[in-house]
Amino acid sequence: MSDSLTKLAYQTFQQGKSYFGVAHKTLSTQLTQWVAPQSRPERQIHSISPQQLLILQQKLNAILEVDWQDAQNGVYPASILFDNPWEDFFRYYPEVWLDLPAIWNRTQNKKYQDFSSSIDTEGYPSYYLQNFHHQTDGYLSDRSANLYDIQVEILFNGSADAMRRRILAPLKQHLSTFSNPKATRVLDVACGTGRTLRFLRATLPQAQLYGTDLSPAYLRKANHLLSELPGELPQLVQANAEALPYLDSYFHGITSVFLFHELPAQARQQVIEECFRVLQPGGMFIICDSIQLSDSPEFKLMMENFSTMFHEPYYRHYITDDLIERLKTAGFQNIEQQVHFMSKYWIARKPQ
Ligand SMILES: C[S@@+](CC[C@H](N)C(=O)[O-])C[C@H]1O[C@@H](n2cnc3c(N)ncnc32)[C@H](O)[C@@H]1O
């Protein structure tokens, strides 16, 4: 297929995902208003003005263009632009709807730390035992792991993977300075269902990949999805990111995507310190997470409401937190920041 046709196919694919996200959110909001109006959180997302919609659309177009350009420039194969867990999507999408009554029930009763009796909650930090984004069983069931990727795609109107992929260009550029790609070790902290590891595998086919997460269910899901890929399976280990089970100076690169807004401030600092410890001198650490208030003051209200609307208890603090200061406190240097669409990136180096 010629480049212009591939680009058109990519734009159409993304547009389809975007329409799907908007349609799902509109329908489910209507249904909630109609069937369970009492279950709406106290704060509502204020209606987005046409001006804000235009800004969002421009930012979305910009990230899709960067995504396309990175593929064109050989950072990763263009095929991963179309990567989507189709089988899971058709299998589990109905469950997203079937889960709504349970969500209504929890929001109505303001129950945000609600876990089925079959779930073992022993041994997890208390800040983790939450129904983040109103997910049934939080991160602790196979059902939650099956629905997660679909829910994230809906939330970001199909742009979550384009945001995740923005860690790849700086990391690949950094690792190109190492002479032996097979000896390169890269860790993805809080890997969830493995979307970022999937993209890392396509970008760094020879590297040794590692993933950690606190959720055994999400790691099972990641293991299942990643085992479909050619090449060596990443080594997945259940671990708290605050205490990584690796030797000092073990990795050449570390990434972490969409974790920091789900941590209280102290844990955020501790995770950064741990990543510093297990990174080699000269290694690179890349955080990808939500934009912060200073990046888009025009979305202040939307960001503040996000915390309640989607039950993200640490998000309000996160959006004003100074991660550069935290990274510097841990010892990182040469810290760059980037912003793409609704996500922000901190690219930090451990001094030689
Ligand atoms: C929003 S999800 C992001 C997952 C994945 N990185 C992605 O891009 O979809 C947050 C993930 O962080 C994990 N997590 C939260 N707190 C953690 C901690 N202290 N240590 C390890 N993983 C943690 C959760 O289990 C979940 O998989």
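Keep in mind that this is a model prediction, so the values were computed, not measured.

About the thresholds
Residues numbered from 1 in each chain as written. Predicted model: local features only at pLDDT ≥ 70, side-chain atom pairs only at ≥ 80, totals over all residues. Heavy atoms only, no water. UniProt positions renumbered as here; feature names shortened; annotations may be inferred. Helix = DSSP H or I, 4+ residues; strand = E, 2+ residues; numbered from the N terminus. Buried < 20%, exposed > 50% of the residue type's maximum accessible area, 1.4 Å probe, protein only. Pairing = 2+ DSSP bridges. Salt bridge = Lys/Arg side-chain N within 4 Å of Asp/Glu carboxyl O. Axes fitted to C-alpha atoms, helices over the stretch in contact; angles between N-to-C directions. Contact = heavy atoms within 4.5 Å. Near = heavy atom within 4 Å. Polar contact = N/O pair within 3.5 Å; in protein donor to acceptor, adjacent residues only side chain to side chain. Nonpolar A, V, L, I, M, F, W, Y, C, P; charged D, E, K, R; others polar. 1 Å grid on protein atoms, 1.4 Å probe; cavity = no way out; pocket = protein on both sides within 12 Å on 5 of 7 lines; lining within 4 Å. Points joined across faces, edges and corners; volume = space filled by probe spheres on them. Phe/Tyr/Trp six-rings, centres within 6.5 Å; stacked < 30°, edge-to-face > 60°.

K.L.:
Any chance you could explain the UniProt feature "domain: Methyltransferase" (unreviewed entry) in the chain here in plain terms?
P.N.:
In this structure's numbering, the residues bearing the UniProt feature "domain: Methyltransferase" (unreviewed entry) are residues 186-283. Along residues 186-283 the backbone is 35% helical and 27% strand, and the end-to-end C-alpha distance reaches 10 Å.

K.L.:
Would you mind showing me how to read the environment of Ile286 here?
P.N.:
Structurally, the position occupied by Ile286 is in strand 5 (residues 279-290). Judged by its relative accessible area of 1%, Ile286 falls in the buried class. Separated by 59 residues in the primary sequence, Ile286 and Tyr345 place their C-alpha atoms 6.8 Å from one another.

K.L.:
Even after reading the chapter, I still don't get the pairing of strand 7 (residues 343-349), so can you show me in this structure?
P.N.:
Remember that side chains alternate between the two faces of the sheet whenever the strand is regular. Of all 7 residues that make up strand 7, 6 are buried, and the element is covered over most of its length. Pairing between strand 5 and strand 7: 7 bridges, direction antiparallel. Paired with Ile287 across the bridge in strand 7 is Trp346. Sheet analysis places strand 6 (residues 333-340) next to strand 7, joined by 6 bridges and oriented antiparallel. Counted as the bridge partner of Glu336 is Ile347 from strand 7.

K.L.:
Whenever I open this one, the pattern of salt bridges confuses me. Can you help?
P.N.:
Pairing of side chains with opposite charge becomes possible as their charged atoms draw close. Tallied over the full model, the rule gives 21 salt bridges. Residue Asp99 is joined to Arg143 by a salt bridge in which the shortest nitrogen-to-oxygen separation is 3.6 Å. With a gap of 44 residues between them, Asp99 in the loop between helix 3 (86-98) and helix 4 (100-108) and Arg143 in helix 5 (residues 142-155) connect regions that are remote in the sequence. Across the pair Arg349 and Glu336 runs a salt bridge whose closest N-O atoms are separated by 2.9 Å. Separated by 13 residues along the polypeptide, Arg349 in strand 7 and Glu336 in strand 6 bring together distant segments of the chain. On the basis of relative accessibility, which here comes to 36%, the residue Glu336 falls in the partly exposed class.

K.L.:
Before we go on, may I ask you to explain the sheet that holds strand 1 (residues 185-189) in this structure?
P.N.:
Note: strands within a sheet are paired through backbone hydrogen bonds, in either parallel or antiparallel orientation. Strands sit in the order 3-2-1-4-5-7-6 across an open sheet of 7 strands; the sheet is mixed. Each edge of the open sheet is held by one strand with a lone partner, namely strand 3 (235-238) and strand 6. Geometrically, the sheet is characterised by an average inter-axis angle of 15 degrees between neighbouring strands, direction not taken into account. Here strand 2 (residues 208-213) runs beside strand 3; their pairing, made up of 4 bridges, is parallel. The residue bridging Asp213 from the neighbouring strand is Gln238, located in strand 3. Each of strand 1, strand 2, strand 3 and strand 4 (251-257) is contacted by helix 8 (residues 195-203), which is oriented at about 175 degrees to strand 2, the strand it contacts most.

K.L.:
Whenever I open this one, the site of the ligand confuses me. Can you help?
P.N.:
Surrounding the ligand, one finds 19 residues, the nearest of these being Tyr128, Tyr148, Arg164, Ala190 and Asp213. Within the contact set of the ligand, an oxygen atom lies 2.6 Å away from a side-chain nitrogen or oxygen of Asp213. Measuring from a nitrogen atom of the ligand, one finds a backbone N or O atom of Ala241 at 2.9 Å. Taken together, the residues of the shell around the ligand break down into 13 nonpolar, 3 polar and 3 charged.

K.L.:
Looking at this structure, how should I read the layout of surface pockets?
P.N.:
Vacant regions in the atomic arrangement are exposed by a probe of water-molecule size rolled over the atoms. Size it by volume and the second largest pocket reaches roughly 230 Å³. Lining the second largest pocket, in full, are Pro77, Ser79, Ile80, Asp83, Arg198, Phe199, Arg201, Ala202, Pro205, Leu229, Pro230 and Gly231. Across the lining of the second largest pocket, the residue classes tally to 7 nonpolar, 2 polar and 3 charged.

K.L.:
Please explain the packing of aromatic side chains as it appears in this structure.
P.N.:
The description of two aromatic rings rests on the distance between their centres and on the angle between their planes. Counting across every chain of the model gives 28 aromatic pairs. Considering the side-chain rings of Phe20 and Phe89, the 5.2 Å spacing of their centres and the 75 degrees angle between planes classify their relative orientation as edge-to-face. Of this pair, Phe20 sits in helix 1 (residues 3-35) while Phe89 sits in helix 3, and the two are 69 residues apart along the sequence. Three or more aromatic residues link up through ring pairs in this structure, and these residues are Tyr10, Phe13, Phe20, Phe82, Trp86, Phe89, Phe90 and Tyr93.

K.L.:
Please explain unusual backbone geometry as it appears in this structure.
P.N.:
What is expected of a backbone is that most residues other than glycine have negative phi and most peptide bonds are trans. We note that Ala190 has phi near 60 degrees; this positive angle belongs to a residue other than glycine. Mapped onto the elements of the fold, Ala190 is located in the loop between strand 1 and helix 8. Look at Ala190 and you get partly exposed, because its relative accessible area is 22%. A positive phi angle, near 50 degrees, is found at Phe341, a position not held by glycine. By secondary structure assignment, the location of Phe341 is in the loop between strand 6 and strand 7. The buried category is assigned to Phe341, whose relative accessible area is 10%.

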